[in-house]
Amino acid sequence: QKNAPKTDEEKKTKDSGKDKSEVEVNVEVKPLNTAEISPCDLHVVCDTMLQGVCKKLRLCGVDAVALENGQSHEHCLDLRNNLIKSGVSPVYILSRGKPAQGMVKHVPKGHCYSVLESSTEAQIREIFSYFNVVAQEGDVFSRCVICNGAEYVKLQNSHMVKIQKNENEAIVVPAGAEQSSTRNRHSDFGDFLDESSEDEDENEISTTKPADWIDLEDGGKIDINNGQMENGIKIGIKAVPNNTLQNVQEFWVCQSCGKVYWQGSHWEKAQDKVKSFLNVAPVPSPKPAT
């Protein structure tokens, strides 16, 4: 017995390579916004299969959070509700396939979008088209790709070098050792100190200088002796190569996580990526959100 002829709609779905359930999730709601919006006005929760997209969206200035590995798809709903309770609204869910189909019934129409494209660049274009997002130069690099923070402090080269110098001079010695040894900056204990470790021996103490807060030209303060900001977050100075500290004149530090950004080869590569799927020419240095 021959199979019944396929309808035009079935042919279109098959030819496009998209799962029919994905098409049904997005039916009659594209594009969602009739008026253009800025990336900063788009708030999304990304499902686990879209973690890479989440970082790219942040790069473009979108307020984007993602589920962690191991979290169920339904956790998108909980995270969305928590964000709305905190005053962020509207919040949309980005997912794919069956997980999107399962969540769409729990949110307003159009607020759960099933991403159809496969490549990251195409997915960004698709999302921007659906929400009618238009990015300007000032939106690019306005959010931290690591933590989604939107506020930065700008530090000069002299500040960064001094912070690094002070951190390198910090010494850890066994608790109860003579005070004279804590003043010996060439103690053998310093060679075994990994200050990034969270498992510091409880029988050791760190000799640090008293706080020395300085005012920054763009506002805010920083303890130049240990690289701590006013909110208690420490600058991630250890992730910055020595040659970069010596040659780069300006740095931008995320106030939420301490991630350090600067204009370098990685910056140029990121710019090229942004240009390739947004057709936006980024500014040559980070533009913290104001």
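The preceding data block contains the structure.
Residues numbered from 1 in each chain as written. Predicted model: local features only at pLDDT ≥ 70, side-chain atom pairs only at ≥ 80, totals over all residues. Heavy atoms only, no water.

Hey, could you go over the packing of aromatic side chains for me, with residue numbers and the actual values?
Inspection of the entire model under this criterion finds 5 aromatic pairs. Taking 4.1 Å as the distance between ring centres and 25 degrees as the angle between the ring planes, the aromatic pair formed by Y113 and Y130 counts as stacked. In this pair, Y113 sits in strand 4 (residues 112–114) while Y130 sits in helix 6 (residues 120–131), placing the two residues 17 residues apart along the sequence. Taken as a pair, Y113 and Y130 share a single burial class, namely buried. Ring centres of Y152 and Y261 lie 6.0 Å apart, and the angle between their planes is 75 degrees; this geometry places the pair in the edge-to-face category. Here the residue Y152 occupies a position in strand 5 (residues 152–156), and Y261 occupies one in strand 12 (residues 260–261), the gap between them amounting to 109 residues. The residues Y152 and Y261 share a single accessibility class, namely buried. A network of ring pairs unites the aromatic residues Y92, Y113, Y130 and F131 as a single cluster. Lying over the aromatic face of Y261, K259 brings its terminal NZ or CZ to 5.8 Å of the ring centre. (Phe/Tyr/Trp six-rings, centres within 6.5 Å; stacked < 30°, edge-to-face > 60°. Helix = DSSP H or I, 4+ residues; strand = E, 2+ residues; numbered from the N terminus. Buried < 20%, exposed > 50% of the residue type's maximum accessible area, 1.4 Å probe, protein only. Lys NZ or Arg CZ within 6 Å of the ring centre and 35° of its normal.)

Requested: an account of the sheet that holds strand 4, with residues and values cited.
The 4 strands are arranged 2-1-3-4 in an open sheet whose pairing can be described as parallel. The outermost strands of the open sheet, each flanked by one partner alone, are strand 2 (63–66) and strand 4. Strand-to-strand twist of the sheet, defined as the mean angle between neighbouring strand axes without regard to direction, takes the value 25 degrees. As judged from the 3 bridges shared by strand 1 (residues 43–46) and strand 3 (residues 92–95), these two strands associate in the parallel manner. (Pairing = 2+ DSSP bridges. Axes fitted to C-alpha atoms, helices over the stretch in contact; angles between N-to-C directions.)

Can you break down the packing of helix 3 (residues 51–59) against helix 6 residue by residue, with the values?
The contact between helix 3 and helix 6 brings their axes to 10 Å, and the two run at 60 degrees. For the element pair helix 3 / helix 6, the angle class is oblique. Between helix 3 and helix 6 the crossing geometry is right-handed. Contact residues: helix 3 offers V53, K56 and L57, while helix 6 offers T120, E121, Q123, I124, I127 and F128. Per-class residue counts for the contact of helix 3 with helix 6 are 5 nonpolar, 2 polar and 2 charged. (Parallel < 35°, antiparallel > 145°, perpendicular 65-115°, else oblique. Left-handed = near helix turned anticlockwise from the far one by under 90°. Contact = heavy atoms within 4.5 Å. Nonpolar A, V, L, I, M, F, W, Y, C, P; charged D, E, K, R; others polar.)

Now, about helix 4 (residues 75–85): what can you tell me, with residues and values included?
Taken residue by residue, helix 4 has C76, L77 and R80 as its buried positions. The buried residues of helix 4 occupy one face: seen down the axis, they fall within an arc of 100 degrees. Taken together, the buried residues of helix 4 touch strand 1, strand 3 and helix 5 (97–103). Two residues or fewer past helix 4, G87 is found with a positive phi of approximately 105 degrees. (Arc of directions from axis to C-beta.)

Summarise the pattern of salt bridges; cite the residues concerned and give the values.
All chains considered together, the criterion is met by 5 salt bridges. When the shortest N-O distance is used, the salt bridge between K234 and E167 registers 3.5 Å. Of this pair, K234 sits in the loop between strand 10 (228–229) and helix 9 (242–247) while E167 sits in helix 7 (residues 157–169), placing them 67 residues apart in sequence. By relative accessible area, K234 is classed as partly exposed at 41%. One salt-bridge network, in which partners are shared between bridges, spans K154, E217 and E250. (Salt bridge = Lys/Arg side-chain N within 4 Å of Asp/Glu carboxyl O.)

So what's going on with the side chain of Q164? Residues and values would help.
Relative to the elements of secondary structure, Q164 occurs in helix 7. The exposure class of Q164 is buried, given its relative accessible area of 16%. Each residue touching Q164, except ones within four places of it in the same chain, is listed here: I237, N242 and L245.

Describe the sheet that holds strand 10, listing the residues and the values that go with them.
Reading across the sheet, the 3 strands line up as 8-9-10 and stay open at both edges, with antiparallel pairing between neighbours. Two strands bound the open sheet, and with one partner strand each, they are strand 8 (213–215) and strand 10. Pairing geometry for strand 9 (residues 221–223) and strand 10, over 2 bridges, is antiparallel. Looking across to strand 10, one finds that D223 is bridged to Q228.

Describe the environment of L77, naming the residues involved and giving the relevant values.
Structurally, L77 can be placed in helix 4. Sequence separation between L77 and V104 is 27 residues, and the spatial gap between their C-alpha atoms is 9.8 Å. Residues contacting L77, with those up to four places away along its chain left out, are I93, M103, H106 and V107.

Please provide a residue-by-residue account of the environment of P210, values included.
Tracing the backbone shows P210 in the loop between strand 7 (204–207) and strand 8. The spacing of P210 and D223 is 13 residues in sequence and 9.2 Å in space, taken between C-alpha atoms.

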